[in-house]
Amino acid sequence: MSRIQDTIREILSQLPPQTRLVAVSKYHPSSAIMEAYEAGQRIFGESHVQELQRKAAELPKDIEWHFIGHLQTNKVKYIVPYVSLIHAVDSERLLAEIDKQASRCGRIVPCLLQLHIAQEETKYGFTEAELLELLQSHRLEQYQSVSVCGLMCMASNVDDEGQINREFHKADTLFNSLKNSFFADNTEFAEKSWGMSDDYPIAISNGSTLIRIGSKIFGTRM
Ligand SMILES: *Cc1c(COP(=O)(O)O)cnc(C)c1O
């Protein structure tokens, strides 16, 4: 068994039943994806549109491709026909564009709203106040070709596990409160995408349902 396959099995053995693994394959060749595929992995995460296009064309059709990075509105049209989940919807403008393109190809595209929770100024996403404003406004109802399936966030890039834990805890608490207030009857609003190679155990203890793991599986990127 290869190192990639060993690592996938090790990670899967630690996951509670509600948590799924997104293997983040950005910058890694299709051959590495195939090793993971042969270990049974079917969900892969990419963050560059052209790279995803190329890999989706050449790899098996039963792979679920998740777009995990910052997505530019002018590139939405290239991935909407086949992408299974867009994790990092960080503006209403982007959501509106996904809706428009999804409607053109007769799909309903699952999306997560990105919560800005880390302390770094540069990270993308909605603040808690912005999310509340969007949901209270009922503007989401006009986007009939997207399905808002939950929240995504990234913790601060720090060594302080206490801080990472506080950030994921905040995301989990906010998810639960939004679920109660705005999605109580909506079974699709169920996903919490948090946790990467260095912090996924903390994310899982804070309710994560999707962990996005790259370097731990595939090694450091080229
Ligand atoms: C690259 C990336 C990951 C994976 O990060 P690792 O530290 O390599 O596990 C997860 N989420 C997003 C949004 C990424 O861009």
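Everything below is about the structure printed above this text.
A short tour of the structure in this document, coming up. (Residues numbered from 1 in each chain as written. Predicted model: local features only at pLDDT ≥ 70, side-chain atom pairs only at ≥ 80, totals over all residues. Heavy atoms only, no water.)

## Details of the layout of surface pockets
Of the pockets and cavities examined, the largest pocket occupies roughly 730 Å³. Along its surface, the largest pocket is lined by 30 residues, and K26, K123, M154, M196 and R212 are the ones closest to its centre. Sorting the residues of the lining of the largest pocket by element identifies helix 7 (161–182) and strand 8 (210–213) as the ones contributing at least two each. By residue class, the composition of the lining of the largest pocket is 12 nonpolar, 10 polar and 8 charged. In this model, the second largest pocket occupies a volume close to 400 Å³. Surrounding the second largest pocket, 17 residues form its lining, L140, E141, F182, F183 and N186 being those nearest its centre. Among the secondary structure elements, those contributing two or more residues to the lining of the second largest pocket are helix 6 (128–136) and strand 6 (146–152). Sorting elements by how many residues they give to the lining of the second largest pocket places strand 6 first, with 3 residues. Its residues assigned to classes, the lining of the second largest pocket comprises 10 nonpolar, 4 polar and 3 charged. (1 Å grid on protein atoms, 1.4 Å probe; cavity = no way out; pocket = protein on both sides within 12 Å on 5 of 7 lines; lining within 4 Å. Points joined across faces, edges and corners; volume = space filled by probe spheres on them. Helix = DSSP H or I, 4+ residues; strand = E, 2+ residues; numbered from the N terminus. Nonpolar A, V, L, I, M, F, W, Y, C, P; charged D, E, K, R; others polar.)

## What to know about the pairing of strand 4 (residues 85–89)
Counting buried positions along strand 4 yields 5 of 5 residues, so the element is predominantly enclosed. Pairing analysis gives 2 bridges linking strand 3 (residues 64–67) to strand 4, with the strands arranged parallel. Bridging from a neighbouring strand, H66 pairs with L85 of strand 4. Relative to strand 5 (residues 109–114), strand 4 runs parallel, the two being bridged by 2 bridges. When the sheet's bridge partners are listed, V89 is paired in strand 5 with L113. You can see the chain leave strand 4, run along helix 5 (residues 92–104) and come back into strand 5, and the turn it takes is right-handed. (Buried < 20%, exposed > 50% of the residue type's maximum accessible area, 1.4 Å probe, protein only. Pairing = 2+ DSSP bridges. Right-handed = clockwise from strand over helix to strand, strands pointing away.)

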